[in-house]
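Analysis of the macromolecular model
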2 protein chains.
Amino acid sequence: MTTIKDVAKKAGVSVATVSRFLNDSGYVGAEAAKAVTAAVEELKYELNPVARSLNTKKSNLIGLILPDITNPFFPELARAVEDVALTYGYTVVLCNSDENPEKEKNYIETLKKKYIAGFIVTSNQLDAPHYANANVPIVALDRTINEKIPTVSSNNKEGAVMGTNALLERGCRNVLFLRGPAELNPANDRYDGFMEAIQNTDAHYQVVTCPFHFADSQKIVERALKDDPSIDGIFASSDVSAAGALKAASTMGKHVPDELQIVGFDGVAMGEMLSPGLTTVAQDVYKMGAIATRVLIKQIENKKIDQSFYEVPVKLVIRGTTRSVAE
Amino acid sequence: MTTIKDVAKKAGVSVATVSRFLNDSGYVGAEAAKAVTAAVEELKYELNPVARSLNTKKSNLIGLILPDITNPFFPELARAVEDVALTYGYTVVLCNSDENPEKEKNYIETLKKKYIAGFIVTSNQLDAPHYANANVPIVALDRTINEKIPTVSSNNKEGAVMGTNALLERGCRNVLFLRGPAELNPANDRYDGFMEAIQNTDAHYQVVTCPFHFADSQKIVERALKDDPSIDGIFASSDVSAAGALKAASTMGKHVPDELQIVGFDGVAMGEMLSPGLTTVAQDVYKMGAIATRVLIKQIENKKIDQSFYEVPVKLVIRGTTRSVAE
DNA sequence: CTTCAGTGTGTAACCGGTTACATATAATAT
DNA sequence: ATATTATATGTAACCGGTTACACACTGAAG
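Residues numbered from 1 in each chain as written. Chains lettered and ligands numbered in written order. Predicted model: local features only at pLDDT ≥ 70, side-chain atom pairs only at ≥ 80, totals over all residues. Heavy atoms only, no water.

**Points about the overall build of chain A**
What counts, and what does not: In DSSP terms, a helix is any run of H or I states spanning at least four residues, a strand is any run of E spanning at least two, and both are numbered starting from the N terminus. Only the C-alpha atoms count toward the radius of gyration. The rule for a globule is 2.2 Å times the residue count to the power 0.38. Three exposure classes are used, based on accessible area relative to the maximum for each residue type with a 1.4 Å probe and protein chains only: buried under 20%, partly exposed in between, and exposed over 50%. By the convention used here, residues are in contact when the closest approach between their heavy atoms is within 4.5 Å. Every accessible area reported is derived by Shrake-Rupley at a probe size of 1.4 Å, with residue values counting cover from the shown protein chains alone. Under the convention used here, Asp and Glu are negative, Lys and Arg are positive, and both His and the chain ends fall outside the count. Charged groups are reduced to one reference atom each: NZ for lysine, CZ for arginine, CG for aspartic acid, CD for glutamic acid.
When you go through chain A residue by residue, the secondary structure sums to 13 helices and twelve strands. Rg of the C-alpha trace for chain A: 26 Å, well past the compact-globule value of 20 Å for 327 residues, more than 25% over. Projected onto its principal axes, the C-alpha coordinates of chain A cover approximately 85 × 35 × 35 Å. Counting across all 327 residues of chain A, residues that qualify as buried make up 53%. Expressed as a percentage of contacts within chain A between residues at least 6 apart in sequence, the contacts between residues at least 24 apart total 70%. By element, 50% of the accessible surface of chain A is carried by carbon and sulfur atoms, the whole surface being about 14,200 Å². For chain A, the separation between the mean place of its 35 positive charges and that of its 40 negative charges on side chains is 8 Å.

**Digging into the interface of chain B and chain A**
Formally: Two parts placed together each lose some accessible area under a 1.4 Å probe, and the buried area is that loss summed for both. The working definition used for a salt bridge is a side-chain nitrogen of Lys or Arg within 4 Å of a carboxyl oxygen of Asp or Glu.
At the junction of the two partners, chain B supplies 48 residues and chain A supplies 48 residues. Of the roughly 4,000 Å² buried at the junction of chain B and chain A (both faces included), carbon and sulfur atoms supply 61%. Taken together, the connections running from chain B to chain A amount to six salt bridges. In this structure, the salt-bridge partner of D68(B) is R79(A), at a minimum N-O distance of 3.0 Å.

**A word on the protein's contact with DNA strand D**
The cut-off we apply is this: The rule for a residue being near a molecule or strand is that one of its heavy atoms must lie within 4 Å of it. Within 3.5 Å is the distance limit for a polar contact, defined as a pair of N or O atoms, with the added protein rule that one can donate a hydrogen and the other accept it, and that residues adjacent in sequence qualify only through two side-chain atoms. Nonpolar residues are Ala, Val, Leu, Ile, Met, Phe, Trp, Tyr, Cys and Pro. Charged residues are Asp, Glu, Lys and Arg, and all others, Gly as well, are polar.
The environment of DNA strand D is formed by 29 residues, the closest being I4(A), S19(A), N55(A), Y27(B) and G29(B). Each atom of DNA strand D within 4 Å of the protein was classed as base or backbone; sugar and phosphate made up 61%. T17(B) places a polar side-chain atom, nitrogen or oxygen, 2.8 Å from a phosphate oxygen of DNA strand D. A distance of 3.0 Å is found between a phosphate oxygen of DNA strand D and a side-chain nitrogen or oxygen belonging to K57(B). When contributions to the surface near DNA strand D are tallied by element, the ones reaching two or more residues are helix 2 (15–23) and helix 4 (49–56) of chain A together with helix 2 (15–23) and helix 4 (49–56) of chain B. Ranked by the residues each element gives to the surface near DNA strand D, the list is headed by helix 4 of chain A, at five residues. Grouping the constituent residues of the surface near DNA strand D by class yields 14 nonpolar, eleven polar and four charged.

**A closer look at the protein's contact with DNA strand C**
In the vicinity of DNA strand C, 29 residues are found, and the nearest of them are Y27(A), G29(A), I4(B), S19(B) and N55(B). A distance of 3.3 Å separates a phosphate oxygen of DNA strand C from a polar atom in the backbone of N48(B). R52(B) is positioned such that a nitrogen or oxygen atom in its side chain is 2.9 Å from a phosphate oxygen of DNA strand C. Counting residues per element, the surface near DNA strand C draws most heavily on helix 4 of chain B, which supplies five residues. Among the residues making up the surface near DNA strand C, the classes are represented as 14 nonpolar, eleven polar and four charged.

**Description of the pattern of salt bridges**
When the charged atoms of two side chains lie near each other, side chains of opposite charge can form a pair. Applying the stated criterion across every chain yields a total of 26 salt bridges over all chains. Across the salt bridge formed by D202(A) and R173(A), the nearest N and O atoms sit 3.1 Å from each other. One end of the pair, D202(A), is in the loop between helix 9 (185–199) and strand 7 (204–209); the other, R173(A), is in the loop between helix 8 (156–169) and strand 6 (174–179), and 29 residues separate them in sequence. Via salt bridges that share partners, D68(A), D98(A), K103(A), R79(B) and D83(B) belong to a single interconnected network.

**Focus on a negative patch on the surface**
Stated precisely, the cut-off is as follows: Residues qualify for a patch when their relative accessible area is over 30% and they have no salt bridge, like charges being joined within 9 Å and the nonpolar side chains of Val, Leu, Ile, Met, Phe, Trp and Tyr within 5 Å.
A grouping of E158(A), D189(A), D192(A) and E311(A) is seen on the molecular surface, where their side chains present a negatively charged patch. Structurally, D189(A) can be placed in helix 9.

**Quick word on unusual backbone geometry**
All names here are of chain B. A cis amide bond links V256 with the next residue in sequence, P257, at an omega value of 5 degrees. Here P257 shows up in the loop between helix 11 (239–251) and strand 9 (261–266). For the peptide bond that leads from S275 to P276, omega is -10 degrees, which places it in the cis range. Here P276 lies in the loop between helix 12 (270–273) and strand 10 (279–282). A positive phi angle is found at N135, which is not glycine, with a value near 60 degrees. Relative to the assigned elements, N135 resides in the loop between helix 7 (129–132) and strand 4 (138–141). Classification of N135 as exposed rests on a relative accessible area of 73%.

**Quick word on helix 5 (residues 74–87) of chain B**
All names here are of chain B. Stated precisely, the cut-off is as follows: By this rule, a helix spans an expected 1.5 Å times one less than how many residues it contains.
Taking 1.5 Å per residue, 14 residues should reach 20 Å; helix 5 reaches 20 Å between its end C-alpha atoms and fits that length. Counting buried residues in helix 5 gives eleven out of 14 residues, a clear majority hidden from the surface. Residues F74, P75, L77, A78, R79, A80, V81, E82, D83, V84 and A85 constitute the buried set of helix 5. Directly after helix 5, the chain includes G89, whose backbone phi takes a positive value near 80 degrees.

**Structural notes on the sheet that holds strand 6 (residues 174–179) of chain B**
Strands pair in a sheet through their backbones, by hydrogen bonds, and they do so in one of two ways: parallel or antiparallel. Residues and elements named next belong to chain B. Convention followed: Here the rule is simple: two strands pair whenever DSSP picks up at least two bridges between them. Angles run from 0 to 180 degrees between N-to-C directions of axes, and those axes are lines fitted to C-alpha atoms, restricted for helices to the stretch in contact.
Pairing is mixed across the open sheet formed by six strands, whose spatial order is 7-6-8-9-10-12. The open sheet terminates on both sides in strands that have one partner only, identified here as strand 7 (204–209) and strand 12 (315–317). Taken pair by pair, the neighbouring strands of this sheet meet at an average axis angle of 20 degrees, ignoring direction. Two elements, strand 8 (residues 233–236) and strand 9, share three bridges in a ladder whose sense is parallel. Each bridged residue has a counterpart across the sheet, and for I234 the counterpart in strand 9 is I262.

**Focus: the sheet that holds strand 6 of chain A**
Residue and element names in this part refer to chain A. The strand order across the open sheet formed by six strands is 7-6-8-9-10-12, and the pairing between neighbours is mixed. Each having just a single partner strand, strand 7 and strand 12 (314–317) make up the two edges of the open sheet. This sheet shows a mean twist of 15 degrees between the axes of neighbouring strands, independent of strand direction. When strand 9 (residues 261–266) meets strand 10 (residues 279–283), the two strands line up parallel, connected through four bridges. By the bridge assignment for strand 10, G264 is matched with T280.

Such coordinate-based values are descriptive only and should not be taken to indicate function.
The structure is reproduced here in structure tokens:
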């Protein structure tokens, strides 16, 4: 392995000059620069990032902390983070937290020892001290941590309004809202949007709390449909729940979309694979991940960040679980 | 930050003794050991992994190279790798290669500079030199790289036999096999299994090559169904293709499973969300990832590995896209 | 002709560990 | 009693970089 010393010798300068040249810091004369360039080229020198880290107490590692990569929402996020990180020369460490604060804290501690550059975090531990006091750049994704930490999120409330209206415009008069867990910020925002859209309307509605879990959602919807067969529209706070609802409709012989219309929220790929295809409020998950990563890198590189809250617009994707709108 | 020197001073010994004690290498007297333990405790000393890496040219980083985390097959794998890695004190770096050899090579080079401990690789670049000559522990997942590199894989061939028989036992007489891309080892094994199971049978069959892609699969199946309406069974080499087939059946008004039965391969979570639920040959993806990681870590820690090929059994999961078996 | 800021470069300390080597003592073998 | 081995520890070099500091030179300002 060739080191900076080899380069220095070959170029006939000191290691300090080579280092300065490589880091574009301090003064380096034109001749020295040329000699170093040539030596680097000839020896195929590549800087040792570990040695650098030890000095600078910095690295190009980014930690991505998420509850569970297995949840269909996250892979796309991870993909975006990795893509953007790569173009900026950063490397992504994957951390499944299972929403467990101990695990999160552990990751943070472990990676800080490696001089991790920063974290992108998706967590429900809203105001956990290990984030607030982490003393390392952080960007929160999809869920607010605290005011000092930049957040990127979907426009959940507006999305919920859009989704609700989609159902109403298509003739639903008795809507079941599948509300996500109260600990989740986005779930609350979606709930607010739903309420805002439906409240001054003559439509009936009911709200049921429902985890973002397929089988549970299915069960909950089956019961709701049994209790009130006149439900003609379901707005689920997540696509997984919507899939559960669709399955419930299928097992109970409710025809979708003729007897029952369903709208999901998320826009995961699975939605189009269902039959009928799932109408949903699609988040631009990739974009969220990409923005989060760029904002994080700006923070890391001490560049000014213009805002501390980024809201990514959401889009209604009409597929087969809703009818064409009545004029 | 407290360093090994602080500990040495506090314990009244030299840094060498502290290091030896911490690494359990060389001799350390009982008194010294006690003093060091106390000092570590009192100062809350934690070893700096970067400094250690610089010396030892080792790290506890594991690279996970996969085509695209967005592909529903991989998140579960990643999850398993991360889980196991964590219990052994390793950290996982996520690498989306897009099957691009340049990107793969790049990751390997970049991470080797960080003294990465090893790689888990899922790649189609079967005999790529950057793997064969990587000079770092590697375990291949799901796809064979070369003979020297341990591989863990599903029992694809046997699984395909099971899937085919499931269709035949349930009365299919004209089976369409959706064959995966020829570059993929598992696709070939599944094809072999299908052929073996169907060949000495009086059932008709046809084989169509079909990428592991939903919309493409749907289109291909729609055409096949149009060309030959007597097809009464489809065995897809992947669940995503099976989902496409199911969708095709739905758009063409073929009732599943009465007129057409479908079996997939993979066992991804999406399968149960479809209506009807997808009958599939399920791989134990988590187990594959877990085994791969353990084998890799054994390699890293220079422990003997008993075999170089691990085959994880596959399981037939019967759901709604197949009928109950005729007696 | 000083003085001083800007430019260019090298020496050596330092980041926080590991480890080869030297040295010393106690235990065992011959 | 002496040689040999196992145990125990410290000193200092080293891993491969960064950077504070000292020093030298140049050109412009006063």
